[in-house]
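Structure at a glance
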Amino acid sequence: MTHSKLLLLLMLLLASSAVQGEELPPAQTGVARDQTGQTLDDLLNMEITVASAKPALPSEAPAVVSVITREEMELSGARDLIDVLRMVPGFDFGVDIWNVVGVGFRGIFAQNGRVKLTVDGMGFNDLLYGNVPFGSHFPVEQMERIEIIRGPGSAMYGNFAELAVVNVVTRIGAEVPGIQASSTTGLFDRGFARQNLNAKYGATIGDSGYFGISLFGGLAQRSAKTYTDQSGGRWDMRNDSDLQTGNVNLNYRQGNLNARFIYDNHLITHRDGYGDVLPDDYRVRFVTSIGQLSYRAQITDNLRLTPLFEATVQQPWRNTGVPVSDVTYYDPTVQKYALNLKADWDLARWASTLFGAEYEWEYARYGGDEPTRKYQFPDGKQSIDFNRFALYNEWLLKTPLVNVTAGVRLEKHSEYDPSVVPRISLTRSFGDTNVKAIYNRAFRAPTIEQTAAALKTGNKLETETADVVELEASHRFDARNHLSVNLFDIRINHPINYYYDFVNDLDAYKNEGRIGTRGVEAEYRFRDDWGHLALRYSFYRVTNTGSDIFRVPGHDDVFVALPAHKVTLDAGYKVTRNLNLNTTLVFVGDRYGFDRVDPATGEPEVNRHSPELVANLYLLYRNAFWKGVDVGLGVFDLFGANHEFIQPYNGGHAPLPGPGREYVLRISYTPGI
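The rules behind the values
Residues numbered from 1 in each chain as written. Predicted model: local features only at pLDDT ≥ 70, side-chain atom pairs only at ≥ 80, totals over all residues. Heavy atoms only, no water. Core = buried A, V, L, I, M, F, W, Y, C linked by side-chain atoms within 4.5 Å. Buried < 20%, exposed > 50% of the residue type's maximum accessible area, 1.4 Å probe, protein only. Contact = heavy atoms within 4.5 Å. Pairing = 2+ DSSP bridges. Helix = DSSP H or I, 4+ residues; strand = E, 2+ residues; numbered from the N terminus. Salt bridge = Lys/Arg side-chain N within 4 Å of Asp/Glu carboxyl O. 1 Å grid on protein atoms, 1.4 Å probe; cavity = no way out; pocket = protein on both sides within 12 Å on 5 of 7 lines; lining within 4 Å. Points joined across faces, edges and corners; volume = space filled by probe spheres on them. Phe/Tyr/Trp six-rings, centres within 6.5 Å; stacked < 30°, edge-to-face > 60°. Lys NZ or Arg CZ within 6 Å of the ring centre and 35° of its normal. Nonpolar A, V, L, I, M, F, W, Y, C, P; charged D, E, K, R; others polar.

**Brief notes about the nonpolar core**
By size, the foremost hydrophobic cluster in this structure holds 91 residues, and its most contacted members are L81, F91, I146, W317 and I448. Residues in contact with L81, not counting those within four places in the same chain, are F93, L117, F134, F138, V140, M143, I146 and V168. Membership of the second largest hydrophobic core comes to 13 residues, among which are V50, A63, I149 and V165.

Structure, rendered in structure tokens:
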């Protein structure tokens, strides 16, 4: 029996047992709730902290924001952050190198430190390049919600927050008590897809304390398809494209004292290298350990002082399964120690301010003592260090005419010129209608490897800056319907781009011409007793093309790999009180990639990828068989669109196959429900 027939049979049996065991939910009057029990107003009135010093409603936050709740992720059966973020306007993904998939936003490839990812407020961009590897990495089973700034966050977050900020709030980060365990199993048409195991424990301590721990282990395959490089070389990825993750998360709070720790170990198996298929498997590892200690001191009724210490140790892009003399041998260790002091002062009911200062010391060292290793810091040194200092200030003024949020950040690095990034947001409510006007200057400072490369080549880099203007309008029609629309204009000045210095045989970086995009995003939400619907659309067009590596020959209105048009649909139906049927659709327009090389000229040829629709179907049965047990069955990429991750720059890499059709079984247990 094929996987699809077996899964269909299981879904029918599950639905049949659920329907026989329950009556359909009675019609209700008044407030409309969806399958999760959440009303539309619950979502609109959910306070978030990702965009400002003070908690704010999404409609009043000084940024264009999205919030994805745990219930939404559970109902959709999302397997990883790629599934979640592809449903959010503006986000998409492309391959970099070494089977590593990175994020793009509003048409611009952002893998190199333009989108900041934090987990419970702790940064996960690697300190050497600013990268974050996506795909079966960050466990959605542990997430309580995801708060997203769809726009710059440099004034608050500093480096890596030039275009967007994604803050994952875990269940223990949100201090959710109780025990929870889950198992997720996936199969492709051609074999094994994934196996995840997750466990979480949280408990309150006295009247003002909390302790939580979560553990996650996962093994997945990127794809069961075959990768074909630009010259025709082939790599069968079935059971040979491992994505392995181990994760430990701890949270302890006693009163105003809070201690947090995360250990994350992610291993990727690849044979695609820099584009050409390699004869043997290679493994690259990303290891991150982060510890954070903070204390919130209530100085007066209106003044709070919070000192924070954070220590980070990373080993990103670690490739030590080859001899030290191999050009791909890479064994870095990066340490960062940061001190932060902020003062939050409520001056009046209509005015508050936040002052803060940060100091960071970064130290990087290469392993492998042999002088034959390729990667060395300037002057042949094995280590390098830098420091960074920042001051920031934010004001919130509530007036009868308009609410004003204004802030500025000054940041000075020991090797580059200071960055000054202001932001201002004006928000106003007219009953059920809300409008925003937002301006941000953001920056992306050279990372450790980029700074070191500039010192070696003598080509000093300028800090990359972005000027971003956004307008948003939203309207709540009634207790069931809500619509929001936003416009954006992005101009990135002096973008830092990679090139290879053939004269000195070095990886190198340089500032190039301005790049920019302009576009529109929209979201319509509907919620009722019987289910929910979220319809989202995003569009961009290129305004400044900058470097040739992003340009599509003959199509100057779009960048490589990232579609100009994207439409997503998240729709769910409550079959019975405990049985939910959910579908998610992702439609993208034309995409362009450099798939192959012209044999006559040896130059890469651009190829048009036709529009595609990825459809997913997921059935979730809550309290199945006994209380606290949830069972989910799903088919992802139902119609076999076989989405590919295209390289978002002309770097010699052909499109990397994505997961394709996958059959998923998820079982979770939460005692005490």
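Further notes follow.
**Remarks on the sheet that holds strand β2 (residues 91-95)**
Sheet architecture is open: 3 strands sit in the order β2-β3-β4, paired in antiparallel fashion. Each end of this open sheet is capped by a strand with a single partner; those strands are β2 and β4 (108-109). Pairing of strand β3 (residues 101-105) with β4 involves 2 bridges; the strand directions are antiparallel. Looking at the pairing, F105 lines up with I108 of β4.

**As for the sheet that holds strand β7 (residues 143-149)**
One open sheet holds the 5 strands; their spatial order is β1-β7-β8-β5-β6, and the pairing between them is mixed. Each edge of the open sheet carries a strand with a single partner, namely β1 (65-69) and β6 (122-123). In this structure, β1 lies alongside β7, joined through 5 bridges in antiparallel fashion. Pairing of T69 across the sheet is with R145, part of β7.

**Concerning unusual backbone geometry**
Although it is not a glycine, N239 adopts a positive phi angle of roughly 60°. Position of N239 among the secondary structure elements: in the loop between β13 (234-236) and β14 (242-254). For N239, a relative accessible area of 48% translates into the label partly exposed. You will see that H494, though not glycine, has its phi angle at about 55°, which is positive. When its relative accessible area of 35% is taken as the criterion, H494 is described as partly exposed.

**Considering the pairing of strand β15 (residues 257-270)**
Counting buried positions along β15 gives 10 out of 14 residues, so the element sits mostly inside the fold. Here 12 bridges tie β14 to β15, and the two strands are oriented antiparallel to one another. Bridging from a neighbouring strand, G246 pairs with N265 of β15. With 14 bridges connecting them, β15 and strand β16 (residues 282-295) associate as antiparallel partners. Looking at the pairing, I262 lines up with I290 of β16.

**Comments concerning the pattern of salt bridges**
Taken as a whole and judged by the stated rule, the model has 50 salt bridges. Across the pair R388 and E360 runs a salt bridge whose closest N-O atoms are separated by 3.2 Å. With R388 in strand β21 (residues 383-398) and E360 in strand β20 (residues 351-366), the pair connects residues that are 28 residues apart, well separated along the chain. Owing to a relative accessible area of 13%, E360 belongs among the buried residues under this scheme. One salt bridge in this structure joins E411 and R388, with 3.1 Å as the shortest N-O distance. On the criterion of sequence distance, the pair formed by E411 in strand β22 (residues 403-413) and R388 in strand β21 is long-range, its members being 23 residues apart. R388 carries the same exposure label as E411, and that label is buried. Connected through salt bridges with shared partners, the residues E310, K336, E358, E360, E362, R388, R409 and E411 form a single ionic network.

**Structural notes on the pairing of strand β18 (residues 303-318)**
Relative to β18, β16 is paired through 9 bridges, and the arrangement is antiparallel. The residue bridging G291 from the neighbouring strand is A311, located in β18. Summarising the sheet, strand β17 (residues 297-298) and β18 pair through 2 bridges and their orientation is antiparallel. When the sheet's bridge partners are listed, Q298 is paired in β18 with R304. Adjacent in sequence and paired antiparallel, β17 and β18 are bridged by 4 residues. Sheet analysis places β18 next to strand β19 (residues 332-348), joined by 12 bridges and oriented antiparallel. Residue pairing for β19: F309 is matched across the bridge by L339.

**Things to note about the layout of surface pockets**
A water-sized probe, rolled over the atoms, reveals where empty space remains. As a volume, the second largest pocket reaches approximately 1200 Å³. Taken together, 38 residues form the lining of the second largest pocket, with I97, Y274, Y498, D507 and Y649 sitting closest to its centre. Listed by contribution, the elements that provide at least two residues to the lining of the second largest pocket are α6 (448-457), β27 (496-501) and β28 (506-511). Tallying contributions element by element places β27 first for the lining of the second largest pocket, with 5 residues.

**Looking at the environment of S352**
Positionally, S352 belongs in strand β20. C-alpha of S352 to C-alpha of L303: the two residues are 49 residues apart in sequence and 9.8 Å apart in space. Excluding its chain neighbours within four sequence positions, the residues that come into contact with S352 are K54, W345, D346, L347, E394, W395 and L396.

**Examining the packing of aromatic side chains**
Going through the model one piece at a time under the given rule, you end up with 20 aromatic pairs. Three or more aromatic residues joined by ring pairs form one cluster here, namely F93, F124, F134 and F138. Taking the ring centre of F488 as reference, the NZ or CZ of R106 above it sits at 4.3 Å. K510 extends its terminal NZ or CZ atom over the ring of Y499, reaching a point 5.0 Å from the ring centre.

**Side note on α6**
Along α6, 7 of the 10 residues are buried, which leaves the element largely enclosed by surrounding structure. Turning to α6, the residues buried within the fold contact β19, β20, β21, β24 (433-444), β27 and β28.

**Comments concerning empty space enclosed by the protein**
As enumerated under the stated definition, the model contains 11 cavities of 30 Å³ or more in all. Size it by volume and the largest cavity reaches roughly 480 Å³. Going through the elements one at a time, α3 (70-76), α4 (81-85), β34 (579-588) and β37 (612-621) are the ones with two or more residues in the lining of the largest cavity. Of the residues in the lining of the largest cavity, the class split is 12 nonpolar, 10 polar and 10 charged. If you add up the space inside the second largest cavity, you get close to 330 Å³. In terms of lining residues, the second largest cavity is bounded by 21 residues, among which L44, P58, V65, H482 and E523 are the most central. For the lining of the second largest cavity, the elements supplying multiple residues, two or more each, are α2 (40-44), β1, β25 (464-476), β26 (481-493) and β29 (515-528). Element by element, the count of residues in the lining of the second largest cavity is highest for β1, at 5 residues.

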